[in-house]
Each structure stands twice: as C-alpha cells, then as structure tokens.
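Next come the chains, spelled out residue by residue.
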Amino acid sequence: MALRSTDILTQTPQGLYCPLGDFHIDPVRPVQRALITHGHSDHARAGHRSVLATRETLRIMGVRYGEGFAGSTQEAPLRESLRIGDATVRFTPAGHVLGSAQIVIEAGGTRVVVSGDYKRAEDPTCLAYEVVPCDVFITEATFGLPVFRHPDTRAEVRKLLDSVALFPERAHIVGAYALGKAQRVMALLREEGYDRPIYLHGAMERLTELYKSEGIPLGETPKVAASERAKLAGAIVICPPSSIQDLWSRRFPDPVTCFASGWMRVRARARQKGVELPLVISDHSDWDDLCRTIRETGAGEVWVTHGQEDALVHWCTARGIRARPLHMLGYGDEGEAEEPQAATAEAGDGA
Amino acid sequence: MNRFAALLDRLAYEPRRNAKLRLLTDYFRHTADPERGYALAAMTGALTFKEAKPGLIRGLVEERTDPELFRMSYHYVGDLAETVALIWPAPGHQEAAIPFPQGGGDIGPGHNNPPHVPSLTEVVETLATMSKSDLPAKVAGWLDALDETGRWALLKLITRELRVGVSARLAKTAVAQLGQVEPDEVELIWHGLEAPYQDLFAWVEGRGDRPETSNPAPFHPPMLAHPLEDEDFGKHAAADFMAEWKWDGIRLQAAAGRDGDGRSVRRIYSRTGEDVSRAFPDLLEALAFEGSIDGELLIVREGRVQSFNVLQQRLNRKAVTPKLIAEFPAHLRVYDILFEGTEDLRALPFAERRRRLEALVARLADPRIDLSPLVPFASWEELAAARADPAAVGAGPDAEAIEGCMIKRADSPYLPGRPKGYWYKWKRDPYLVDAVMMYGQRGHGKRSSFYSDYTFGVWRDGPDGEELVPVGKAYHGFTDEELVKLDRYVRNHTVNRFGPVREVEYGKEKGLVLEVAFEGLQRSTRHKSGVAMRFPRINRIRWDKPAAEADRIETLEKMLERGEKEVHPLKDRQTERSKA
Ligand SMILES: [Zn+2]
Ligand SMILES: [Zn+2]
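Notes on the structure follow. (Residues numbered from 1 in each chain as written. Chains lettered and ligands numbered in written order. Predicted model: local features only at pLDDT ≥ 70, side-chain atom pairs only at ≥ 80, totals over all residues. Heavy atoms only, no water.)

Considering the overall build of chain B
Within chain B one finds 21 helices and 20 strands. Going through the 580 residues of chain B one by one, you find that 52% of them count as buried. Expressed as a percentage of contacts within chain B between residues at least 6 apart in sequence, the contacts between residues at least 24 apart total 68%. Only carbon and sulfur atoms are counted for the fraction: they give 49% of the accessible area of chain B, which is about 26,800 Å². (Helix = DSSP H or I, 4+ residues; strand = E, 2+ residues; numbered from the N terminus. Buried < 20%, exposed > 50% of the residue type's maximum accessible area, 1.4 Å probe, protein only. Contact = heavy atoms within 4.5 Å. Areas by Shrake-Rupley, 256 points an atom, 1.4 Å probe, with all protein chains shown as cover.)

This is the structure in structure tokens:
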C-alpha cells in the first residue's frame, strides 16, 4: 500500500521535514540535516550540522556565509538517486537561479516533489526546469494571482536600452537581487547586443564572479568606484534593490531608477518604491506557469508553501486537485516590505 | 496603440518635467500623423467620445474569468482598469479563464492568426461613431489584441481616466519643441484647432503656415506662491506686502474676448491650462468682460462659501445638469487680473492690478464673481492673529473655507511659474495630538498591498482603569519609507485579524505612538469618543515615546472648547518639539 503523503513529509517549525529520512528541506532554523533547494538566503541559511545541495548551491553558500557555513556538506549530483534513511532522494533542475533544484522524495511507491522556487521561462544563467510527474507537488505561489503574467524578458530589456538611448546623459541604476536576477539581467543585456561595461555595486561582485567561473559569459562588469560615480553618464549600473533609493545612487548623474522584479507588474508596487522604469523580469513562475506546472506533474495533491496561496488553492480545488496552503513563514512572502531593510542586499528572494 | 501605451506607461512613472518633455517630443517626432495628433488630443483632454462605464468593463471580464480569482486580484491590485488589463485572458493564454477540460486534454494553442492590434487612431475614430450596443464586442476584440500595457491604456482612455501626470500645457510645450516655436504661440492658436492637429504639426515642423486661427480667450500660465517659511519673516517687512485669505477651492483662470466676427468667446481654464469651460456653464454666463482674470472656484450658497467637500461633489459629477447647478452654484472669487481687453497688465505692480480688478468686478456687478478681500495688517503678529481667527477680522461665516493667508508683495509683477520672493502662502497651523495605533487596514489603489490606514486612540478612564478610545483614522502624512516601516509594524504586532483590518498590540506597556496633526475638531455622536477630527494625518511617528505617555481625551475636549480662537494652538508643543 502506498504511503500517505504526510508520512513522507510534514510541516515543523523549522520547515518541511521528512521523518523517513530524518532531514529538513530549506529549514529556517539550524537543524541536523538540511537539504537545500537553492542559494537565496531565505532558503539557504547557515548553521546546519550537515547540508546536502547541488555543487553550485554549496559554492553560493560558501560565498555568502564563508566556508564554515555548515558542519559538513555533501554535493547532490543532479538527477541521481540517493538513499537517506528509508527515503530515496533526487535533485532535479528548477530553473530559478544557478544551482537551483527541486527535491524529489520517494518512499513506499509515493513520490513527493518539493519544487522550491522555480520558473519555466528561459534563463541563460541556469538549467531549465524539468517536470517530474508525482503524487504530491509542493509549490510556491509568490506570483499566485492571475494578474501576474510575466512578459517577454527581451522586450523588458529593450525598454531599458531604449531609455539609455533617449537619455544618454543619465545613469540607469537597475535594482536587482544579488543572486540570480542581477546576472540574468546582465546576460539578457548581452543577448540584446549591449557590449559596453555593466557597472556593479560592490554587493554584486562576488556572486557575479562565481557565475562567470561557472562558465556563464557576462562580459565586462567592473565594480563602481566611489570616485567614478559622477562620471557614469549613460552607463547601466546594477545594484541591490535597497540601494536604488539611497544616497549611494544619488551620486550618479541624474539617475533613472529601474527595478527588475516580477512585482513591477503592479503599478502601485513600482510607485511605492519610487521606480521610474519598472522592468518586469522575474525568477519565479507567473500564474500561467504555476497552473501549467501543476497540471504537467499530474499531482493529485498540491501543497502551497508561501506567497498568494489562497488563489492557487482555489484554482486547484476548482479542478478537482486536493490542495492546501501551508502559510509557511520566513520565505519570500508577499513582498520585500517585510525584509529587514539593511539585509536586502544579501537576503532577498529573487522575486 | 501599443506605442502610445508605452509612452503613457513611461510618463506615469517619470517625475521629472524635463524627462517627460523629452519622452513626449520623442514620441511626436517618431510617430506619424494622424496617430500622434490623437495622442495629443488624448493628453490634452480634447477627445469627445462618450466614455465607457466601468460596468461594461466589469461585465466583459466577468464573462472570461473565475469570479473568485477576479475578486482576489482586484483586491490586490486595487484599480479596476489595471486589474482587467492584467487578468484579461488573451487568446492562447487562457489558463486562468477556461475551466479545466473534463477528462483531461489540453487547451489548444489559440488562434492561428494573431488578432489585429488597433492603432489609437482606429480606437478614437471607432468610438466616435460606434453605437453603444456594439461597444462591448469591439472593446473585447481590442483587449484580445493588445498587451498588458496596451490594455491598461485603452481602458483608461475609454473610461476617461487617463492621468499620467501630463498637463495640457506640457503636451503643447512638447509639440512646440519639435520646432523653433514658443509654447505660448501654440497656446494662442490652440483653441481654434482640432484633433488630429495635422496643421499644427506641419507648422511647428516648418512644413506649413501658421494655422489661421487665433484664440481670443487664451490661457496664460498662472503665477504660483511659495510656502512661507519661518525665516521669511525676518527677511521681509510687513509694510511691503498685502494679504488675502487663502481659499480652500480650485484655482481657475477666466478669459473672454471676441472672435473675428465679433462674437464673445469665453473660456475657463484650470491651473494647468485644461479648458474646463464645459463643466461650468453657469460661471461662463457671468464672464461679461474682455480680458483674463485669476481666482478661486468656490461653491457659494446664500452668500456663504461652502466647504471643499461640497465643491468636490460638484466636480465629481460628469453630467452638468440644471439641478446640479442649482444645488452647487459655482462662484469665482477673484484676486488678480492679467489682461484687460487686449492690454497686458502683467508687468504692473500687484497693487495697481488690484485696483484695475476692483473696478472690473464693480462694473460686472454679478453675484457669481466677487473680490477676494484684502486682510488688513500692520505687523506679521497682527496677520498671524488674523490667520488664526479669520472670523474675527471680517471673514464671517466664510472663515471655515479659509486655509490661511496669501501674502503678496505690493510691487509684484504677474510672472508665470513660481518665482521667488513675491508670493507666499501661509497655511494655518494644524492641531497636534499624540495617539496610539490600534488598527491597521489595507489601503486602496496604489497602496492595496500595504497596511496604510491607521486607526488611533487616546487614553480615557474606563470601567477597568485607563483604556484607549479610538479618535480617528489617518492614511497620509508619512513618507513611502515610513509607510514601509508602519506596514511592517502592523504585520509584526498583529493580535487579531478582521478581513482587511488587523488589530495591533496596544496598552500602557506596548504600542506605537503616532503624532497626529488635524485641522479641526467637531463633536460627533457617531464616534465612540464623541469627537471627530478634520483631515487627520500622521505628522510624526514617535518610535521613542511610550504609549502610556500618549494624550488623554481631555486634551481633545479642551481643544474643542477653545475652538480655533487661539492664535497658536500649537505653541507649547512646537517649542517642546524644537527642543527635542
Ligand atoms: Zn523563495
Ligand atoms: Zn529563491
């Protein structure tokens, strides 16, 4: 007889927990054994006894927290099954950021997929999402409302380039999360033929170097020196979202404030942040892709971890799929508003 | 249409005037006739089709979306047109719209031929001629063809809610910048022109003659005042200035002249040059002069100026019916004159213009147009006293519609824009009270994702000792940055949820103190506390102040008794604050 889904995975204050293998997935507090889906700081935290993650995610954690971020680490080769206790576990690409993976757990003939954060849209900086048919699919719902339909990223990047052409005397300051979004924006600019240097805020530097060392071509990306800022008319500068409004960005020549995020789809959100050029570029699935992915997995049961859970649960229920919201705390949640201000540069889920 | 939409989208986010100008000029330069002319008409409010009702748009979207998902989305986005633009299930993109097919099977890839994307010209021309019954199907077809931004712009356009921070004046200035033409020259011929303005574009681009129309009642950019700062008193001698009341109305410019055939042409302009004549036929009737005067639109009933709320009720109605006019009679209280006949008075000193204006108003002898009286004063202290209690120095029952004083140099010329050193506005001081946050509510529209409306209370004696009683609700006064912090505070201190409202922690030991500013107090039986505040706003967030030290209801009671009689209701507090 197949196991019940809750025998395989339960919810604890630390996060999702698999009793059969005695491990947590993306725990928000230190645990004995953590399996990490990807390097965003709300999923990958320091201080666990042992960490199992993809090679890239381990490298990212090393850059963010220093090499001693866990008691021990183990690399999870993609698509290969590992035995942990009474469960079989495998990591599969999630398409979210470099190294991001879904975690597939099988036991007693039941398969549960914890997708972490994921997207279906093309991204030159990471492996594409792979659908894994399953019984229980555990999904995020950051953009879980039908008003969120991410547009073609190329058109968004062209919007930026058009603005640079129209205002050649102004610097374009692009707010983007330091892990994933920043590098994706750089790669997209290169794909559109932009070959001038792309300037980086210091907080972007090490992760960008890591991407480059993984063989992702991003071109020339110098760090902005403080003395240089006033001279960067017409330049594109990438910085953490928290820096677009602060003193740092005001030193640039008549800056145009841009922000690359799925939230930019909603005007009120863009205005609240004082954004003048919103770029709707997201590393999460939009509504259509959330729905499509649920259907493609064929799951009869869906758990929604965080975001706009209610709408997605409603959608599933109307289609005869059992669904429940987990209302999990500590993940991206509905907005940057709840992130600690000072930590945004490092923290922050790549919305 | 997508190109026009992209322009509007960009303008809506761009705060800088010069950048807006560049965006507009760039659009006009790279867009062909007649498309750019209709864009200009859309931005100057010169399009005349009948607007579509929000109900029509709701109806269309409800046929195509799950009502529950639409409800959640609308709640989240806060704006109907934007929600519809985003949620609209375009062909081939129908995941949200179509029920899951019974027995599996995928939704087809949609239409093979992409739908035809309408131009703005097509939209405008179609709307001008189409019958009402054909409208829904046509609009649906357009929505299918456009992208999210295009849909948003279309919906804003057809519901006549296009507000992207571009004044008519700015749009005309952008046209002027296509060539070597002064914006005022465009202004002078503007009101004889019609969309799509091919003759205008040909002229400014040097391809044609100046259009043969001249506007006998043109708009002239108004002169604006600076807020008065404390240090200004030291810089200026009271004797050099004249003062008027600052009325809580709407600034208007009324112009009248004669066209080539000797017919009287009368127009009323908003501060930004929008021709709003059609909204005020009653006032138009009263403009039996030639020239251009500057004043405040008020609603006056039986000789008494009504509050801004009453004025707003007239402005909110789209159809100007005889009943509306009778109920909300428009009144112009004038304070300056720019032209008399064709004589330009703008270089004259203010005192001299004032004499000319007084004479003109006396000749008109129309109860709908009167003079804004001068406030006599010999010293700044005297003016401060007058400002604090206008009723005592002759404002009578109109005192309620007075927001403060306007102070103008007697020798001031009339200069367009906001020149320094001539005109000042001196608003009345608000009252302040320290209250404790009790509830946070999700905002509307652009703040729908934040807890941005705060109910606050002050201490009073209750059956079980001191308790907080709510005294008001405020949803502005804070910066966007503070909003983020307040929102986080609400989320992190929630003790109860009621729909969109969260109750936060409050008590003697815990709670957030808000310094609330307000314009006045009234007794109210609808409020538990017995008082209602006028225009409360968050003046300061007192992160530092213990909740136990917030004000008590007696403080408000005393303010109520005092009325607005005192010169400086805030004096004590202000000194306390400047020390802090
Ligand atoms: Zn996340
Ligand atoms: Zn993430």
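Further notes follow.
Points about the interface of chain B and chain A
Accessible area lost when the parts come together is the quantity often used to give the size of an interface. The interface is formed by 47 residues belonging to chain B together with 45 residues belonging to chain A. Buried area between chain B and chain A, both sides added, is near 4,300 Å², and the carbon and sulfur share of it is 51%. The interface formed by chain B and chain A holds six salt bridges in total. Between Glu 276 of chain A and Arg 16 of chain B there is a salt bridge whose closest N-O contact spans 3.1 Å. Counting across the interface, chain B meets chain A through 14 residue pairs in polar contact (both at pLDDT 80 or more). Residue composition of the side of chain B that touches chain A, grouped by class: 21 nonpolar, six polar and 20 charged. (Buried area = accessible area lost by both parts, 1.4 Å probe. Salt bridge = Lys/Arg side-chain N within 4 Å of Asp/Glu carboxyl O. Polar contact = N/O pair within 3.5 Å; in protein donor to acceptor, adjacent residues only side chain to side chain. Nonpolar A, V, L, I, M, F, W, Y, C, P; charged D, E, K, R; others polar.)

Section: the nonpolar core
One broad rule of soluble globular proteins: the nonpolar side chains tend to lie buried together. With 121 residues, the main nonpolar core has Phe 28, Met 43 and Leu 200 of chain B as its most contacted residues. Examining the composition of this core, we find that seven residues originate from one element, helix H1 (residues 2-13) of chain B, more than from any other. The residues that make up this core include at least three from each of domain 1 (5-147 + 283-325) and domain 2 (153-279) of chain A. In this structure Leu 200 of chain B touches Leu 40, Val 175, Val 186, Ile 189, Trp 190, Leu 193 and Pro 211 of chain B, once residues within four positions along its chain are discounted. Counting residues in each nonpolar core, the second largest holds 34 residues, with Leu 98, Leu 161, Ala 178 and Cys 258 of chain A among its members. (Core = buried A, V, L, I, M, F, W, Y, C linked by side-chain atoms within 4.5 Å. Domains from an automatic or database assignment.)

Remarks on the pattern of salt bridges
Residue and element names in this part refer to chain B. Applying the stated criterion across every chain, the model contains 72 salt bridges over all chains. Residue Asp 79 pairs with Lys 156 through a salt bridge whose shortest N-O separation is 3.0 Å. One end of the pair, Asp 79, is in the loop between helix H5 (67-77) and helix H6 (80-87); the other, Lys 156, is in helix H9 (residues 148-158), and 77 residues separate them in sequence. Judged by its relative accessible area of 22%, Asp 79 is partly exposed. Under the relative-accessibility criterion, Lys 156 is labelled buried at 9%.

Some thoughts on the side chain of Asp 123 of chain A
Residues and elements named next belong to chain A. Its place among the elements puts Asp 123 in the loop between strand S10 (110-114) and strand S11 (136-141). Overall, Asp 123 belongs to the buried group, its relative accessible area being 9%. The residues touching Asp 123, leaving out its near neighbours within four places in the chain, are His 96, Arg 184 and Asp 283.

Details of the packing of aromatic side chains
Per the counting criterion, the structure on display carries 21 aromatic pairs over all chains. Taking the centre distance of 6.4 Å and the plane angle of 70 degrees together, the rings of Phe 350 of chain B and Trp 423 of chain B count as edge-to-face. Here Trp 423 of chain B lies in strand S11 (residues 423-427) and Phe 350 of chain B lies in helix H17 (residues 350-364), a separation of 73 residues in the sequence. Trp 423 of chain B carries the same exposure label as Phe 350 of chain B, and that label is buried. With a centroid separation of 5.7 Å and 85 degrees between ring planes, the pair formed by Tyr 414 of chain B and Trp 423 of chain B is classed as edge-to-face. Judged by relative accessible area, Tyr 414 of chain B falls into the buried class, the value being 2%. Arg 170 of chain A extends its terminal NZ or CZ atom over the ring of Phe 167 of chain A, reaching a point 5.0 Å from the ring centre. Of note, Arg 36 of chain B hangs over the ring of Phe 201 of chain B, and the distance from its end group to the ring centre comes to 4.1 Å. (Phe/Tyr/Trp six-rings, centres within 6.5 Å; stacked < 30°, edge-to-face > 60°. Lys NZ or Arg CZ within 6 Å of the ring centre and 35° of its normal.)

Structural notes on H6 of chain B
Judged by how many residues are buried, H6 of chain B sits mostly within the fold: eight of eight residues are covered. Within the sequence span of H6 of chain B, burial applies to Leu 80, Ala 81, Glu 82, Thr 83, Val 84, Ala 85, Leu 86 and Ile 87 of chain B. As for H6 of chain B, its buried residues are in contact with helix H7 (267-272) of chain A together with helix H4 (54-64), H5 and H9 of chain B.

A closer look at unusual backbone geometry
Note the cis peptide between Asp 33 of chain B and Pro 34 of chain B, where omega equals -5 degrees. Positionally, Pro 34 of chain B belongs in the loop between helix H2 (17-30) and helix H3 (35-43). With an omega of 5 degrees, the peptide bond running from Ala 195 of chain B to Pro 196 of chain B counts as cis. Among the secondary structure elements, Pro 196 of chain B is positioned in the loop between helix H11 (183-190) and helix H12 (198-204). In this structure, Asp 26 of chain A takes a positive phi of about 45 degrees despite not being glycine. Following the sequence through the fold, Asp 26 of chain A ends up in the loop between strand S3 (23-25) and strand S4 (33-35). Even without a glycine there, the phi angle at Asp 254 of chain A is positive, about 35 degrees. Residue position: Asp 254 of chain A is located in the loop between helix H6 (247-250) and strand S15 (256-260). By relative accessible area, Asp 254 of chain A is classed as partly exposed at 35%.

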